[in-house]
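# Analysis of the macromolecular model
Chain residues, written in single-letter form:
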Amino acid sequence: MKIRATLGSVALASTLTLGVLATPSGAATVEVAAAPTIPVAAVQEHLNQFQQIATANGGNRAHGKPGFKASVDYVKGKLDAAGYQTKVLEFTNWGTKGYNLIADWPGGDENSVLMAGGHLDSVGAGPGINDNGSGSAGLLEVALTVSKQQLKPKQHLRFGWWGAEELGLVGSTNYVNTLPAAEKSKIKGYVNFDMTGSPNPAYFVYSSSGQPAGSEKLQQTLEAYFTSINVPTETTNVGGRSDHAAFARAGIPTGGTFSGAEVRKTAAQAQKWGGQANVAFDKCYHQSCDTTSNINAQSLERHTNAIAYTIWTVSGTTRTVPAHTTS
Ligand code: DPN
Ligand code: ZN
């Protein structure tokens, strides 16, 4: 389906493809880009890389261990090659050096930043492929797709891969707390992805209730994606269990999705989402069996596309292109 739009009147929906319209002058056109479909195989390829990194580094990608830094290097290498401006920000936790990887997509209104992130570290017990290779890989593939499309969003896009989440949200808290107030106030929203490929998956969207004003819009946008693919969602209060917490404390609107951890799926949830009732969403949560075998590809695909839809929709993706360009 195509959409025709004039400058200043923009409609975005998951079903839209590129549309082009000559303006009255004929000099320029407006292109309305809809969210792309992210192929799950590309996300799984990043997970294979995280698995190999863990296997080559003592079985994990934990804070302070070589598998964590190797994960940072892998993600950074892809982003640098795609034209991102990347920074590795160091912090120290109990005498051990940690890293946050921050990637800015050049362009957009730098006074209105939309941020998306997730933690890149695993626990010490295992490779952390669902927790949180899944969110990390999805964010990476979405970021690479932004580059492939040479997206020109209205907002400035920034991605974050956090260190030492598993030790108490250390990296994300350090990032927010060390940002100058003027920089903090430019961040207009933060969406978090921590566990998106759970083997017995849920489709949770972070509840905006009790979150900073503006979080409702993020919740609704994430829900709209799942509605568009006919997948029912439930809201969940993640509270202080993941990296959006520091952003929320700073008054920044937050949102996110989650496919579930140690809690068991109820019969009602199994009815609506499939999978096994009375079995944990992720029976390998924080264990050595959180490998590439611990991933539900359909969940990974759906949650990753929710990331893409939200970034495209919230940031605004119209751009002017030459009049002779056709769709
Ligand atoms: N914070 C997650 C972990 O890293 O173990 C678990 C979790 C994520 C729990 C999101 C609730 C919601
Ligand atoms: Zn996690």
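Here the residue index of a chain counts from 1 through its sequence in written order. Whichever chain is written first becomes A and whichever ligand is written first becomes 1, with later ones labelled in order. Since the coordinates come from a predicted model, pLDDT governs what is reported: local features require at least 70, and pairs of side-chain atoms require 80 or more to be given and counted, while whole-chain, interface and lining totals use all residues. Only hydrogens and water are removed before side-chain values are computed, so all heavy atoms of the structure are retained for them.

The name given to the chain in an unreviewed UniProt entry is M28 family metallopeptidase, and the organism recorded there is Allokutzneria oryzae.

## Topic: the nonpolar core
Here is a general trend for soluble globular proteins: nonpolar side chains tend to be buried in one another's company. Going by this rule: Residues belong to a common nonpolar core when they are buried Ala, Val, Leu, Ile, Met, Phe, Trp, Tyr or Cys residues joined through side-chain atoms within 4.5 Å. Summary of the burial criterion: residues with accessible area below 20% of their type's maximum are buried, those above 50% are exposed, and those between are partly exposed, where the area comes from a 1.4 Å probe applied to protein chains only. The contact criterion used is simple: two residues touch if any of their non-hydrogen atoms lie within 4.5 Å.
Among the nonpolar cores identified, the biggest contains 61 residues, and Phe50, Val75, Leu79, Tyr84, Phe159 and Trp161 are the most heavily contacted of them. The residues touching Leu79, leaving out its near neighbours within four places in the chain, are Tyr84, Thr86, Leu101, Ala103, Leu140, Ala143, Leu144 and Trp161. The next biggest cluster of nonpolar side chains, apart from the first, holds 12 residues, and it includes Val113, Tyr175, Tyr190 and Ala246.

## Examining the side chain of Thr86
Rules: Secondary structure elements are taken from DSSP: a helix is a run of H or I of four residues or more, a strand is a run of E of two residues or more, and numbering for both begins at the N terminus. For the purposes of these results, a polar contact is taken to be a pair of N or O atoms within 3.5 Å, where, inside protein, one atom must be able to donate a hydrogen and its partner to accept one; residues adjacent in sequence count only when each atom of the pair is a side-chain atom.
Take Thr86: it is sitting in strand 3 (residues 85-93). Side chain to side chain, Thr86 and Asp80 meet in a polar contact 2.5 Å long. If we skip the residues at most four places from it in the chain, Thr86 touches Lys76, Leu79, Asp80, Leu101, Ile102 and Ala103.

## Digging into the site of ligand 1
Just so we agree on the cut-off: We call a residue near a molecule or strand whenever a single non-hydrogen atom of that residue lies within 4 Å of it. Note that accessible areas follow from Shrake-Rupley with a 1.4 Å probe, and for residues the cover is restricted to the protein chains shown. Gly is placed with the polar residues, together with every amino acid not listed as nonpolar (Ala, Val, Leu, Ile, Met, Phe, Trp, Tyr, Cys and Pro) or charged (Asp, Glu, Lys and Arg).
Neighbouring ligand 1 are His119, Asp131, Glu165, Glu166, Asp194, Met195, Val238, Arg241, Phe258, Tyr285 and His286. One nitrogen or oxygen atom from the side chain of Glu165 is found 2.8 Å from a nitrogen atom belonging to ligand 1. Arg241 is positioned with one of its backbone polar atoms (N or O) 2.4 Å from a nitrogen atom of ligand 1. Here ligand 1, which alone exposes 320 Å², has 96% of that area covered by the protein. When grouped by side-chain class, the residues that make up the shell around ligand 1 number four nonpolar, two polar and five charged.

## Focus: the pattern of salt bridges
Rule in force here: When a carboxyl oxygen of Asp or Glu is within 4 Å of a side-chain nitrogen of Lys or Arg, the pair counts as a salt bridge.
Scanning the entire structure with this criterion turns up eight salt bridges. A salt bridge links Glu90 to Lys97; the shortest N-O distance between them is 3.5 Å. Accessibility expressed as a relative area gives 45% for Lys97, which makes it partly exposed. A salt bridge links Asp104 to Arg158; the shortest N-O distance between them is 2.8 Å.

## A word on the coordination of the zinc ion (ligand 2)
Going by this rule: Keep in mind that water is not among the atoms, so a site may look incomplete; donors are the N, O and S atoms within 2.8 Å of the metal, or 3.2 Å for Na, K and Ca.
The protein atoms that coordinate the zinc ion (ligand 2) are His119 (NE2), Asp131 (OD), Asp194 (OD) and Asp194 (OD), at distances of 1.9 to 2.7 Å. Within one chain, the residues donating to the zinc ion (ligand 2) are spaced in sequence as H-x11-D-x62-D. Of this pair, Asp131 sits in helix 3 (residues 129-148) while Asp194 is found in the loop between strand 7 (187-193) and strand 8 (204-206), placing the two residues 63 residues apart along the sequence. When sorted by exposure, Asp131 lands in the same class as Asp194, which is buried.

## Comments concerning the state of the cysteines
Heads up, the rule is: Our working definition of a disulfide is a cysteine sulfur pair at a distance within 2.5 Å.
On inspection of all chains with the given rule, the structure shows one disulfide. A sulfur-sulfur separation of 2.1 Å characterises the disulfide bridge that pairs Cys284 with Cys289. On the S-S bond that ties Cys284 to Cys289, the torsion sits near -115°, and the link is left-handed. Residue Cys284 is classed as buried on the basis of its relative accessible area of 7%.

## Here we look at the packing of aromatic side chains
The test is simple: Think of it this way: a Phe, Tyr or Trp ring, Trp meaning its six-membered ring, pairs with another when their centres are within 6.5 Å, and the plane angle makes it stacked under 30 degrees, edge-to-face over 60, tilted otherwise. A ring is scored as having a charge over it whenever the NZ atom of a lysine or the CZ atom of an arginine sits within 6 Å of its centre and within 35 degrees of its normal.
Under the defined criterion, the tally for this structure stands at 16 aromatic pairs. On the numbers, 5.8 Å between centres and 50° between planes, the contact of Trp162 with Phe247 is tilted. Highlighted residues: Trp162 in strand 6 (residues 155-162) and Phe247 in helix 7 (residues 244-249), separated in sequence by 85 residues. Overall, the relative accessible area of 0% leaves Trp162 in the buried class. Looking at Phe247, the relative accessible area reads 0%, which means it is buried. Site record: aromatic cluster; members linked through ring pairs are Tyr203, Phe204, Tyr225, Phe226, Phe258, Trp273, Phe281 and Tyr309. The side chain of Arg61 reaches across the aromatic face of Phe50, ending 4.7 Å from its centre. One Lys or Arg, Lys69, reaches over the ring of Tyr99 and ends 5.4 Å from the middle of that ring.

## Remarks on the sheet that holds strand 9 (residues 234-236)
The condition is simple: Only when DSSP finds a minimum of two bridges between them are two strands counted as paired. Between N-to-C directions, angles cover 0 to 180 degrees, with each direction set by a line fitted to C-alpha atoms, over the stretch in contact for helices.
Sheet architecture is open: eight strands sit in the order 3-4-6-5-7-10-8-9, paired in mixed fashion. With partners counted over all chains shown, the strands left at the sheet margins are strand 3 and strand 9, one partner each. The mean inter-strand angle of the sheet, taken between neighbouring strand axes irrespective of direction, is 25°. Where strand 8 meets strand 10 (residues 254-258), two bridges bridge the pair, whose relative direction is antiparallel. Its bridge partner lying in strand 10, Val205 is registered against Thr257. Contacting strand 4 (96-105), strand 5 (109-119), strand 6 and strand 7, helix 3 runs over the sheet at an angle of about 150° to strand 6.

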